[in-house]
Amino acid sequence: MTDWLIRGGRIVDPAAGIDRVGDLWIVNGVVSAEAPEGGGAFETYDAFGKIVAPGLVDLHTQLREPGFEEDETIDVACDAAIAGGFTSLAVLPETDPPVDTPAGVEYIRQKAARARSANVFVTACVSKDRQGKELAEIGTLVEAGAVAFSDGVRPIGNPDLMHRALEYCRMFGRPILSHPETPELTRGGIMHEGRTSLALGIAGMPVECEEVAVARDLRLAEATGGKLHLLNLSAAGSVDLVRRAKARGVAVTAGVCVANLVLSDRSLRLFDTNYKVNPPLRSQEHIVACQTGLADGTIDVVSTGHAPRAAEKKMLELDLAPFGIIGLETALSLVIEYLIEPGILDWSGALAKLTINPASVLGIPKGMLAAGADADLIVIDPTAKWTLTREGLRSRSANTPFLGKSMTGRVEAAFVRGEQKLGAAIAS
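Criteria and thresholds
- Residues numbered from 1 in each chain as written.
- Predicted model: local features only at pLDDT ≥ 70, side-chain atom pairs only at ≥ 80, totals over all residues.
- Heavy atoms only, no water.
- Helix = DSSP H or I, 4+ residues; strand = E, 2+ residues; numbered from the N terminus.
- Rg over C-alpha atoms; globule rule 2.2 N^0.38 Å.
- Buried < 20%, exposed > 50% of the residue type's maximum accessible area, 1.4 Å probe, protein only.
- Contact = heavy atoms within 4.5 Å.
- Areas by Shrake-Rupley, 256 points an atom, 1.4 Å probe, with all protein chains shown as cover.
- Phe/Tyr/Trp six-rings, centres within 6.5 Å; stacked < 30°, edge-to-face > 60°.
- Lys NZ or Arg CZ within 6 Å of the ring centre and 35° of its normal.

### Looking at the overall build of the protein chain
When helices and strands are counted, the protein chain shows 14 helices and 18 strands. For 428 residues, the compact-globule estimate of 2.2 N^0.38 gives 22 Å, and the protein chain sits close to it at 21 Å. If one aligns the C-alpha atoms of the protein chain with their principal axes, the spans along those axes are about 65 × 45 × 45 Å. Put simply, the protein chain has 428 residues, and 60% of those count as buried. Sequence-distant contacts, at least 24 apart, represent 75% of the contacts inside the protein chain between residues at least 6 apart. If you sum the accessible surface of the protein chain, you get close to 16100 Å²; carbon and sulfur atoms cover 51% of it.

Have a look at this one:
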């Protein structure tokens, strides 16, 4: 294995509170804070003027394989993840069949291992076949390697099932990643319910559908002591509920998808299905509330919400097209433009939401540059200007409204367990 010297970069490691210019070594696939005794042969990567950070970790990726390979495959998604700086992915069971058996867990793990790219951590189903009726075999799924449990973007509507799931998962130290939604309040909805939906004559999804589910999940987590992560907040009331719960000592973490931080419901005036996501794009006051929640620590994680959909699916009418947007290759640049440059978060704060915080939710040893840690790291050019094009996308699908947009900041190099996956060595 090649050893590396990453030279002269601005090392930002939120897990250790480090933000300094210096050198970093990769020796035998792990991080070293100093040159090994006796020297040795190193490849050198000059990172002057660049940011050296832990590899990003995503909690909200849909790989779509098995069952929906027309949208994305595991190896393609891992390639897209590396291009966007994500060296670790927690994948939701948005597959056919759903990941509710040890064989399903093992299939994804083996397929990802053969791709030899990003680290893939499997999130298995809470309920059998994601039907919300019968609890999945939590213990056997943990033994197979599941690091978390979720029914994906299908909400867990049965409160008794959710209660028992939190109790069971607590026994195994695993979190439940919950998509907070009350289906009875969103049935037929396409976008945020508000002035824009009224003007367009489009069925809306009220904020209450999320807030009611958040309140229920928080109360059940408080009662059981289970580890709860709310996947994708979008409403101001939800942020306030989480803030109050954390003040009471409830063991809850929360995330927000990038699209819900940078796009508003007014985007749907174009009737472009690439703006159709779940949770829906909300109005500006909700965007501001989510940004505030990030800044004050109420929201712990920024996720990509990566949900690839084949072109023929998104070409349908707005009411028939599926929800979903890709995000692995654009998330970091959007965080730089909409959160770091305006001063909502600094680099350390933003990277914490993308590295050590999601890793801590899963309980995995990723998202850090501590000596001896796996050398999963990226080199970011924070001032690079580039344009998102279909030809430049690694993802199989192109369901993003950002095609043609000028982006700021890009991952220049990526290493996974010390092996370079992106970029070229620059010799000293």
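### Observations concerning unusual backbone geometry
Following Asp96, the chain continues to Pro97 via a peptide bond in cis, the omega torsion being 5°. Looking along the chain, the bond that leaves Asn278 and enters Pro279 is cis, with omega of 5°. Within the fold, Pro279 resides in the loop between α9 (259–262) and α10 (284–295). Positive phi outside glycine occurs at Arg64, with the angle close to 75°. For Arg64, the position within the fold is in the loop between β6 (56–62) and α1 (74–83). In this structure, Arg417 is a non-glycine residue whose phi angle is positive, near 50°. Within the fold, Arg417 resides in the loop between β17 (406–416) and β18 (419–422).

### Re the packing of aromatic side chains
With the rule as written, the count across this model stands at one aromatic pair. Relative to Phe415, the ring of Trp4 has its centre 5.0 Å away and its plane inclined at 75°; by these criteria the two rings are edge-to-face. Linking Trp4 in strand β1 (residues 4–13) with Phe415 in strand β17, this pair joins segments that are 411 residues apart in sequence. You'll find Trp4 and Phe415 in the same group, each marked buried. Across the ring face of Phe68, the terminal group of Arg64 is positioned such that the distance to the ring centre comes to 4.2 Å.

These figures capture arrangement, not role.
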